[in-house]
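Below are the chains, spelled out letter by letter.
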Amino acid sequence: MPQHAPSPRVCRDCDGFATAAITTGARHRDGTRATLRVACPACRGTGHATATGLVRAGR
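On a predicted model such as this, the values are computed, not experimentally measured, just so you know.

## Quick look at the pairing of strand E1 (residues 19-27)
Here's step 1: Two elements, E1 and strand E2 (residues 33-39), share 6 bridges in a ladder whose sense is antiparallel. Its bridge partner lying in E2, Arg-27 is registered against Arg-33.

Structure, rendered in C-alpha cells:
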C-alpha cells in the first residue's frame, strides 16, 4: 500500500500565494517595468502555516 506524505498546511493569510510583485510605474533603461517583491508577513514568504502561530484551545 503506498504511503502518502502529509502536505503542509497552507497559510490562511495569503492562501498559499506568499509573494506578490507590485509594479511601481517606473521603467528601467531597457524598457522593463520596475517591480517590488513583497512577502506575506504571516508566513514570511513560504506559503505554509507555521506551528508557532497556532494556539491550542480547550483541554
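## Topic: unusual backbone geometry
Here's step 1: Although it is not a glycine, Asp-15 adopts a positive phi angle of roughly 60°.
Here's step 2: Position of Asp-15 among the secondary structure elements: in the segment before E1.
Here's step 3: Given a relative accessible area of 56%, Asp-15 falls into the exposed group.
Here's step 4: Look at Arg-44: it is not a glycine, yet its phi comes out positive at around 60°.
Here's step 5: Among the secondary structure elements, Arg-44 is positioned in the segment after E2.
Here's step 6: Taking relative accessible area as the criterion, Arg-44 reaches 73% and is therefore assigned exposed.

## Digging into a nonpolar patch on the surface
Here's step 1: A surface patch of nonpolar side chains, about 250 Å² in accessible area, is lined by Ile-22, Leu-36 and Val-38.
Here's step 2: As for its position among the elements, Leu-36 is in strand E2.
Here's step 3: Under the relative-accessibility criterion, Leu-36 is labelled partly exposed at 48%.

## Some remarks on the environment of Ala-18
Here's step 1: Relative to the helices and strands, Ala-18 is located in the segment before E1.
Here's step 2: Distance from Ala-18 to Gly-45, taken between C-alpha atoms, is 4.6 Å for residues 27 residues apart in sequence.
Here's step 3: With sequence-adjacent residues up to four places away left out, Ala-18 is seen in contact with Val-38, Ala-39, Cys-40, Cys-43, Gly-45, Thr-46 and Gly-47.

Procedures and definitions
Residues numbered from 1 in each chain as written. Predicted model: local features only at pLDDT ≥ 70, side-chain atom pairs only at ≥ 80, totals over all residues. Heavy atoms only, no water. Pairing = 2+ DSSP bridges. Helix = DSSP H or I, 4+ residues; strand = E, 2+ residues; numbered from the N terminus. Buried < 20%, exposed > 50% of the residue type's maximum accessible area, 1.4 Å probe, protein only. Patch = residues over 30% accessible without salt bridge, like charges linked within 9 Å, V, L, I, M, F, W, Y side chains within 5 Å. Areas by Shrake-Rupley, 256 points an atom, 1.4 Å probe, with all protein chains shown as cover. Salt bridge = Lys/Arg side-chain N within 4 Å of Asp/Glu carboxyl O. Contact = heavy atoms within 4.5 Å.

That is the geometry; function is a separate question.
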